[in-house]
Amino acid sequence: MRLLEAKDFLVQQTAEQAALENVPLSDLEKRMMYFTETDECPEDPIALNEAFEAEYSTEEYEAKISSLLRHAYKRVRKDDIQKSRTWDSAIKRLRRGDNYLLVMWDIQPTGERPPYDSVKLFGAAMLLVFVIFVFNFAWDRIAPHLPHSLGWITRRLIMYSLVGVFFIGRYYWRRNRR
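Residues numbered from 1 in each chain as written. Predicted model: local features only at pLDDT ≥ 70, side-chain atom pairs only at ≥ 80, totals over all residues. Heavy atoms only, no water.

A. Region of the structure containing helix α4 (residues 58-79). Taking 1.5 Å of rise per residue, 22 residues should cover 32 Å, and α4 covers 31 Å from first to last C-alpha, within 8% of that figure. Every buried residue belonging to α4 is among Tyr61, Glu62, Ile65, Ser66, Ser67, Leu68, Leu69, Ala72, Tyr73, Arg75 and Val76, and all of these are buried. Against the buried residues of α4 lie α1 (3-20), α2 (27-32), α3 (45-55), α5 (81-94) and α6 (100-106). (Helix = DSSP H or I, 4+ residues; strand = E, 2+ residues; numbered from the N terminus. Expected span 1.5 Å × (residues − 1). Buried < 20%, exposed > 50% of the residue type's maximum accessible area, 1.4 Å probe, protein only. Contact = heavy atoms within 4.5 Å.)

Shown next, in the form of C-alpha cells:
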C-alpha cells in the first residue's frame, strides 16, 4: 500500500465516522490529516499549517480526530473484516514515516478508560485486601507480646499507613504514566 492510499483510506473512514456522529469536519481539517513535514505532503506543509493554526486549536483538533479515528476503527472492525485489514495495513504503512495522522491515532482520547483499567483496579484492590488479611494474621501472633495500651494504637497506625501508602503509590504511578 502506498502512503497516499493509506492516508486516503483513513481520512475517508474518519470523515464517514464524523458524518455518522454528526460532528462537523471541514475540508481544512481533512487536509490537515495529510500533514507531514517531509516532501510527501500533497500541498505546501508550511502554508497548510499556518492556515490551520489561524482557524483551529491544535489540542481540540487532535482530541476530536483521535476520538473519530478510534470510533471509526471500532466500526470498521465490527462491520467489515477486509476494511479492518486495510486499516491495519494503512497504519503499518504510516509508521514507516513521520505522519501527523499517527500522532492523533496514538493519542488516548480523554474520557475513555484504557483497556483493562477496571481489571487492574480490581486486582489492586484484591492485593490490598490480601495484604490487610496477612497483616491481621501476623498481628494476632505479635499482639500478645506488646503492652495492651500500645497494641490497638499501633495496629490502627499500621493499617492506616498501609492504606495511605497504597493510595499514594497509585497516585504517583498514574501521574508518571502520563
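B. A look at the packing of α1 against α4. Axis separation between α1 and α4 bottoms out at 9 Å; the angle between their running directions is 95°. On the basis of their axis angle, the class for α1 and α4 is roughly perpendicular. Between α1 and α4, the residues in contact are Gln13, Thr14, Glu16, Gln17, Ala18 and Leu20 and Leu68, Leu69, His71, Ala72, Arg75 and Val76, respectively. Each residue belonging to the contact of α1 with α4 can be placed in one class, and the counts come to 6 nonpolar, 4 polar and 2 charged. (Axes fitted to C-alpha atoms, helices over the stretch in contact; angles between N-to-C directions. Parallel < 35°, antiparallel > 145°, perpendicular 65-115°, else oblique. Nonpolar A, V, L, I, M, F, W, Y, C, P; charged D, E, K, R; others polar.)

C. Region of interest: α3. Here α3 has its buried residues at Pro45, Leu48 and Phe52. Each buried residue of α3 sits inside an arc of 65° when the element is viewed along its axis, so together they form one side. Exposed side chains of α3 directed beyond 90 degrees from the buried face belong to Ile46, Glu50 and Ala54. (Arc of directions from axis to C-beta.)

D. Broad picture of the packing of aromatic side chains. Under the counting rule described, the total for this entry stands at 8 aromatic pairs. With a centroid separation of 6.1 Å and an interplanar angle of 85°, the aromatic rings of Phe35 and Tyr100 are classed as edge-to-face. Taken together, the positions of Phe35 in the loop between α2 and α3 and Tyr100 in helix α6 put the pair 65 residues apart, joining distant regions of the chain. An aromatic cluster of three or more residues is present, and its members are Phe35, Phe52, Tyr56, Tyr61 and Tyr100. (Phe/Tyr/Trp six-rings, centres within 6.5 Å; stacked < 30°, edge-to-face > 60°.)

E. Main features of the packing of α1 against α5. Remark: α1 packs on α5, axes separated minimally by 9 Å, with the N-to-C direction vectors making an angle of 125°. In terms of orientation, α1 and α5 fall into the oblique class. By crossing handedness, the relation of α1 to α5 is classed as left-handed. Contact residues: Leu3, Ala6, Lys7, Phe9, Leu10 and Gln13 in α1; Lys83, Thr86, Trp87, Ala90, Ile91, Arg93 and Leu94 in α5. Residue composition of the contact of α1 with α5, grouped by class: 8 nonpolar, 2 polar and 3 charged. (Left-handed = near helix turned anticlockwise from the far one by under 90°.)

F. Molecular detail of the pattern of salt bridges. On inspection of all chains with the given rule, the structure shows 5 salt bridges. Put simply, Arg75 and Glu16 hold a salt bridge, and the shortest N to O gap is 3.6 Å. Here Arg75, found in helix α4, pairs with Glu16, found in helix α1; they are 59 residues apart in sequence, far enough to count as distant. Look at Arg75 and you get buried, because its relative accessible area is 16%. (Salt bridge = Lys/Arg side-chain N within 4 Å of Asp/Glu carboxyl O.)

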